[in-house]
Amino acid sequence: YVAPLRDISRAASSEDELDLSIASATEALIRAQQGDGHWCFELEADATIPAEYVLLRHFRAELEDPGLERKIGVYLRRIQGEHGGWPLFHAGAFDMSASVKAYFALKMVGDDPDAPHMRRAREAILARGGAARSNVFTRILLALYGEAPWRAVPTMPVEIMLLPRWFPFHLTKISYWARTVIVPLLVLQALKPVAKNPRGIRVQELFTTPPEKVRSWPKGAHQTWPWAHVFGGIDVVLKRAEPFMPRNPRKR
């Protein structure tokens, strides 16, 4: 088989473009190198980090810092995407969880829900199924603020910490960053603390169906058959058993 000349020409052209791109990127990095050999670039996270910081401060009812909130508000408005929501990387696609958190944080710092940028964000969120389609971490945040019921998230008993090493799941079998996330979440799920939220900010307008009326909360996009059904069944059992656990805060 001999490839047509046009295919060979197209392949050569693509290789040339790739080589030029690599050379251009290399030259740019060399120009950015400091005199002593190191590089220094701005480390910038997505919208979730500053949004979560604002929400954490209001969760704890820390002393108000209008100057800091003003700066974070400016930043969140600046990185809002053309699609109306917020992406996980520069010029990226709409991300539900980042958008819900950014909207919540902007409303918390005083942005008018009827302002153009807030209206665009709300419409983008609702058009994609609403806040109920957020990931588990965002739904936990919403539950801590009383904006979603705790049944909106998988039940994770803090007793997971006591599982033996031979068990299929054990904290030593997961990455360190996952441990630093899971352990605090286990404590939060056990205690179910309620945000102080001194300004009384709510975001019920981000749900297409009132949270208390949602019967089936979306599963994670990564869950596949049969594991989605297996873990779903385990979650049903744990939710039914949870009210009878002695550590349940409702019994105090």
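Heads up: these notes are all about the structure in this document. (Residues numbered from 1 in each chain as written. Predicted model: local features only at pLDDT ≥ 70, side-chain atom pairs only at ≥ 80, totals over all residues. Heavy atoms only, no water.)

## Examining the overall build of the protein chain
Thought 1: Helix and strand content of the protein chain: eight helices and zero strands.
Thought 2: Reading the helices (α) and strands (β) of the protein chain from amino to carboxyl end gives α-α-α-α-α-α-α-α.
Thought 3: Counting every position in the protein chain, which comprises 252 residues, the buried fraction comes to 36%.
Thought 4: The long-range fraction of contacts in the protein chain, counting pairs at least 24 apart against all pairs at least 6 apart in sequence, stands at 68%.
Thought 5: Entry remark: accessible area of the protein chain is about 16200 Å², with carbon and sulfur atoms responsible for 62%. (Helix = DSSP H or I, 4+ residues; strand = E, 2+ residues; numbered from the N terminus. Buried < 20%, exposed > 50% of the residue type's maximum accessible area, 1.4 Å probe, protein only. Contact = heavy atoms within 4.5 Å. Areas by Shrake-Rupley, 256 points an atom, 1.4 Å probe, with all protein chains shown as cover.)

## What to know about the nonpolar core
Thought 1: Counting 45 residues, the largest nonpolar core has Leu76, Trp86, Phe104, Leu142 and Tyr145 as the members making the most contacts within it.
Thought 2: Elements with a contribution of two residues or more to this core: helix 2 (48–59), helix 3 (66–78), helix 4 (96–108), helix 5 (116–127) and helix 6 (136–144).
Thought 3: In terms of residues, this core owes the most to one element, helix 4, which gives nine residues.
Thought 4: What leucine 76 contacts, discounting residues up to four positions off in sequence, is Ala47, Pro50, Trp86, Ala102, Ala105 and Leu106. (Core = buried A, V, L, I, M, F, W, Y, C linked by side-chain atoms within 4.5 Å.)

## Describing the layout of surface pockets
Thought 1: Computed from the structure, the second largest pocket encloses a volume of approximately 670 Å³.
Thought 2: Forming the boundary of the second largest pocket are 24 residues, of which Glu52, Lys101, Phe137, Leu141 and Leu185 lie nearest the centre.
Thought 3: Elements that contribute at least two residues to the lining of the second largest pocket include exactly helix 2, helix 4, helix 6 and helix 7 (176–191).
Thought 4: If one sorts the elements of the lining of the second largest pocket by residue count, helix 2 sits on top with six residues.
Thought 5: Across the lining of the second largest pocket, the residue classes tally to 15 nonpolar, five polar and four charged. (1 Å grid on protein atoms, 1.4 Å probe; cavity = no way out; pocket = protein on both sides within 12 Å on 5 of 7 lines; lining within 4 Å. Points joined across faces, edges and corners; volume = space filled by probe spheres on them. Nonpolar A, V, L, I, M, F, W, Y, C, P; charged D, E, K, R; others polar.)

## Points about the packing of aromatic side chains
Thought 1: In this structure the tally under the stated criterion is three aromatic pairs.
Thought 2: A ring pair is formed by phenylalanine 59 and tyrosine 145, whose centres lie 6.2 Å apart and whose planes are at 65°; its orientation type is edge-to-face. Of this pair, phenylalanine 59 sits in helix 2 while tyrosine 145 sits in the loop between helix 6 and helix 7, placing them 86 residues apart in sequence. Exposure class is identical for phenylalanine 59 and tyrosine 145. Each is buried.
Thought 3: Both rings, one in phenylalanine 104 and one in tyrosine 145, keep their centres 5.0 Å apart while their planes meet at 65°; by these two values the pair is edge-to-face. Of this pair, phenylalanine 104 sits in helix 4 while tyrosine 145 sits in the loop between helix 6 and helix 7, placing them 41 residues apart in sequence. Here phenylalanine 104 and tyrosine 145 have matching classes, each one buried.
Thought 4: Ring pairs connect the aromatic residues Phe59, Phe104 and Tyr145, which therefore count as one cluster.
Thought 5: Geometry around phenylalanine 94 places arginine 128 over its ring, the cationic atom sitting 4.2 Å from the centre. (Phe/Tyr/Trp six-rings, centres within 6.5 Å; stacked < 30°, edge-to-face > 60°. Lys NZ or Arg CZ within 6 Å of the ring centre and 35° of its normal.)

## Notes on the side chain of threonine 138
Thought 1: For threonine 138, the position within the fold is in helix 6.
Thought 2: A polar side-chain atom of threonine 138 sits 3.3 Å from a polar atom in the side chain of serine 97.
Thought 3: Once residues lying within four places of it in the same chain are set aside, the contact partners of threonine 138 are Ser97, Val100 and Lys101. (Polar contact = N/O pair within 3.5 Å; in protein donor to acceptor, adjacent residues only side chain to side chain.)

## Some details on the packing of helix 6 against helix 7
Thought 1: At a minimum axis separation of 12 Å, helix 6 and helix 7 run at an interaxial angle of 30°. It follows that helix 6 is roughly parallel to helix 7 by the angle criterion. Like other packed secondary-structure pairs, helix 6 and helix 7 cross with a definite hand, here left-handed. In this structure, helix 6 uses Phe137, Ile140 and Leu144 to contact helix 7, whose residues at the interface are Val181, Leu185, Leu188 and Gln189. (Axes fitted to C-alpha atoms, helices over the stretch in contact; angles between N-to-C directions. Parallel < 35°, antiparallel > 145°, perpendicular 65-115°, else oblique. Left-handed = near helix turned anticlockwise from the far one by under 90°.)

## Some thoughts on a nonpolar patch on the surface
Thought 1: On the surface, Leu29, Trp39 and Phe41 cluster together into a nonpolar patch covering about 340 Å² of accessible area.
Thought 2: Mapping leucine 29 onto the fold places it in helix 1 (residues 5–32).
Thought 3: Note on leucine 29: relative accessible area 45%, which makes it partly exposed. (Patch = residues over 30% accessible without salt bridge, like charges linked within 9 Å, V, L, I, M, F, W, Y side chains within 5 Å. Salt bridge = Lys/Arg side-chain N within 4 Å of Asp/Glu carboxyl O.)

## What about the packing of helix 4 against helix 6?
Thought 1: Viewed as axis vectors pointing N to C, helix 4 and helix 6 meet at an angle of 30°, and their least axial separation amounts to 9 Å. Considered as vectors, helix 4 and helix 6 are oriented roughly parallel to each other. Where helix 4 crosses over helix 6, the two elements pack in a sense that is left-handed. Of the residues in helix 6, those touching helix 4 at Ser97, Val100, Lys101 and Phe104 are Thr138, Leu141 and Leu142.
Thought 2: Within the contact of helix 4 with helix 6, the residues separate by chemical class into four nonpolar, two polar and one charged.

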